[in-house]
Amino acid sequence: MAIALVWFRRDLRLDDNPALQAALDAGDTPLPVYLHVPAEDAPWSAGAASCAWLRRSLLALDADLRAIGSRLVLREGPSSLKLLSELIQLTGAHSLHWNRLYEPAAIARDTAINKSLRRQGIEARSHDAALLIEPWTVATAQGTPYRVFTPFWRNARSQLTLQPVSETPARLPPIDAQLETAGSEWSMPAVARINQALPAPESAWDRNFWSQWSPGERGAHEMLDAFIEGAAGHYSAQRNFPGRIGSSRLSPHLHFGEISSRQIVQRLQSATWTPTQEKSIDAYIRELGWREFANYLLFHFPTSAQSDFNPRFRDFHWADPDPHLLQAWQHGRTGVPLVDAGMRELWQTGWMHNRVRMVVASFLTKHLRVHWLHGARWFWGTLVDADLANNTLGWQWTAGTGADAAPYFRVFNPVLQARRFDPKGVYVRRWLPGFSELPDSALFEPWRFPDLLQQHAPDYPRLPIVDLATGRAQALAAYAKVSGNQ
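One structure accompanies this document, and this report is about it. No experiment lies behind these values; they were computed from the predicted model shown.

1. What about the overall build of the protein?
Part 1: Along the backbone of the protein there are 22 helices and five strands.
Part 2: For 486 residues, the compact-globule estimate of 2.2 N^0.38 gives 23 Å, and the C-alpha radius of gyration of the protein, at 24 Å, lies within 12% of that figure.
Part 3: Taking the principal axes of the C-alpha coordinates as reference, the protein spans close to 75 × 55 × 50 Å.
Part 4: A separation of at least 24 residues holds for 78% of the contacts in the protein among residues at least 6 apart in sequence.
Part 5: Of the accessible surface of the protein, which amounts to about 20,700 Å², a share of 52% is contributed by carbon and sulfur atoms.

2. Examining helix α8 (residues 190-197)
Part 1: Those residues of α8 lying buried are Ala-190, Arg-193, Ile-194 and Ala-197. Seen along its axis, α8 keeps its buried residues to an arc of 95°; they face one direction.

3. Examining the sheet that holds strand β4 (residues 95-99)
Part 1: The strand order across the open sheet built from five strands is β3-β2-β1-β4-β5, with neighbouring strands paired in parallel fashion. Bordering the open sheet on either side are β3 (73-76) and β5 (123-127), each of which pairs with just one other strand. For this sheet the average axis-to-axis angle between neighbouring strands, irrespective of direction, equals 25°.
Part 2: Sheet topology places β4 next to β5; five bridges connect them, and they run parallel. Counterpart to Ser-95 in the pairing with β5 is Glu-123.
Part 3: Contacts between helix α1 (residues 18-25) and the sheet are confined to β1 (3-8), β2 (29-36), β4 and β5, with β4 contributing the most and set at about 150° to the helix.

4. A look at the nonpolar core
Part 1: Leu-268, Trp-329 and Phe-379 are the most contacted members of the largest nonpolar core, which has 117 residues in total.
Part 2: What Phe-379 contacts, discounting residues up to four positions off in sequence, is Trp-329, Met-343, Leu-346, Met-352, Arg-357, Val-360, Ala-386, Asn-391 and Trp-395.

5. Re helix α14 (residues 323-330)
Part 1: Every buried residue of α14 is listed here: Leu-326, Ala-328, Trp-329 and Gln-330.
Part 2: N-cap assignment for α14: the residue whose side-chain oxygen lies 2.8 Å from the backbone N of His-324 is Asp-322.

6. Focus: the pairing of β4
Part 1: Taking burial as the measure, the five residues of β4 include five buried ones, the bulk of the element.
Part 2: Here β1 runs beside β4; their pairing, made up of four bridges, is parallel. When the sheet's bridge partners are listed, Ala-4 is paired in β4 with Ser-95.
Part 3: Read from β4 through helix α4 (residues 104-119) to β5, the crossover connection turns out right-handed.

7. So, the packing of helix α16 (residues 354-367) against helix α18 (residues 388-399)
Part 1: Between α16 and α18, whose axes approach to 9 Å, the crossing angle comes to 60°. As far as their axial angle goes, α18 and α16 are oblique. Like other packed secondary-structure pairs, α16 and α18 cross with a definite hand, here right-handed. Two secondary-structure elements touch here, α16 through Met-358, Ala-361, Ser-362, Leu-364, Thr-365 and Lys-366 and α18 through Trp-395, Trp-397, Thr-398 and Ala-399.
Part 2: Classifying every residue of the contact of α16 with α18 gives six nonpolar, three polar and one charged.

8. What about the pattern of salt bridges?
When their charged atoms lie close together, side chains carrying opposite charge are able to pair.
Part 1: If you walk through the whole model with that rule in mind, you get 16 salt bridges.
Part 2: As a salt-bridge pair, Arg-9 and Asp-110 come within 2.7 Å of each other at their nearest N and O atoms. Of this pair, Arg-9 sits in the loop between β1 and α1 while Asp-110 sits in helix α4, placing them 101 residues apart in sequence. In terms of burial, Arg-9 and Asp-110 fall into one category: buried.
Part 3: Across the pair Asp-110 and Arg-109 runs a salt bridge whose closest N-O atoms are separated by 3.1 Å. For the pair formed by Asp-110 and Arg-109, the shared burial category is buried.
Part 4: One continuous salt-bridge network, built from bridges that share partners, spans Arg-9, Glu-40, Asp-41, Arg-109 and Asp-110.

Conventions we followed
Residues numbered from 1 in each chain as written. Predicted model: local features only at pLDDT ≥ 70, side-chain atom pairs only at ≥ 80, totals over all residues. Heavy atoms only, no water. Helix = DSSP H or I, 4+ residues; strand = E, 2+ residues; numbered from the N terminus. Rg over C-alpha atoms; globule rule 2.2 N^0.38 Å. Contact = heavy atoms within 4.5 Å. Areas by Shrake-Rupley, 256 points an atom, 1.4 Å probe, with all protein chains shown as cover. Buried < 20%, exposed > 50% of the residue type's maximum accessible area, 1.4 Å probe, protein only. Arc of directions from axis to C-beta. Pairing = 2+ DSSP bridges. Axes fitted to C-alpha atoms, helices over the stretch in contact; angles between N-to-C directions. Core = buried A, V, L, I, M, F, W, Y, C linked by side-chain atoms within 4.5 Å. Polar contact = N/O pair within 3.5 Å; in protein donor to acceptor, adjacent residues only side chain to side chain. Right-handed = clockwise from strand over helix to strand, strands pointing away. Parallel < 35°, antiparallel > 145°, perpendicular 65-115°, else oblique. Left-handed = near helix turned anticlockwise from the far one by under 90°. Nonpolar A, V, L, I, M, F, W, Y, C, P; charged D, E, K, R; others polar. Salt bridge = Lys/Arg side-chain N within 4 Å of Asp/Glu carboxyl O.

What follows is the structure, given as structure tokens:
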């Protein structure tokens, strides 16, 4: 059989993988390939937490491939085109299949590869695996891109027709034995290649991550099973409370393509729910719609990852970041418990509850008036689910500078947010040492109880790094200057 390269990227699964299925449907022998060329993703090359997840996910993918007779081939080099051309020459492959990505750098690279290989007579085909709706299929009545979520999702949902998902092949044809002996570069096991390209952190700073997460396709489906059996039916009521298990925690699995949105939607829609639970399922699918909207915006407005979507904010007076204040925010030393609990959860697990993400982002961009890119960059390096589209949309939404954003004058009060969404202090006590001994009355404004704070959490800051009322007032004053009110 002829060989077809199947280029894995952020679609690290065998179920519902259109690129893999297309090679099989053509009667070809799929050769699974992963190319590690991080420079091509600049200026948003994967951060440290993402690389730690990727390493484990690739190891899981290779194991899954070996279980059905194949294996993963990993290559490093200066460019994907060069590596693919070398593999085509070495293997005699006549075609290449990949699943589409939507970031500006990926689109430019893939377009160039497509044109170059076609000129060489190689069939190059891309497929839809990441999204429910392709970004170019949804537009306003005027043919322009949507800038507001609700009408976008109404239009997209009306078009949504889920195709049957393909299942993992029972077997894949083995790699030709002659290729196995075509030099050490070819025959090096994928495990060694992965460990070479993405070595485990020497200090094992990620060791606490893996009690929370299981990268790979199997881990993704186990997480979905747990969600369906547990929080899914109560999602609307529970999702905003960080001290409870109320969300799916599927975001890193979705980012790396270990599971697809359509697999999730089909599983949710095929389960049996009460009328009240069905509303929660609809609410969750709507949240997947926000993921669609994030990719849609990045596709149509590619500069938004680096600059304010709303041009009004290009003249906004952001504060010059004070390195000490920025570091206090990064490491959960602001003196504001909900903010610090969130930043410490992030540091220890590579993830943060979505409600808390909004609170910590509001604190940085409004109380400290630091440009959202500083926060986006920190999240990019520390989140295991760091996703350019979602990261950009989330930060600009909270900062008030993006499409369909929360107004800039909406400033999250972290004390009120904690009282509303963590009223018993379950979340704050989990992440802040010594707070388990504080009474409820002292949890959210501990600076008002200095003796208790000194007794139970002597290493915690005595005061917030910014007075909350003053920070809010200064943010609103800066906003008034660009809103025409002053």
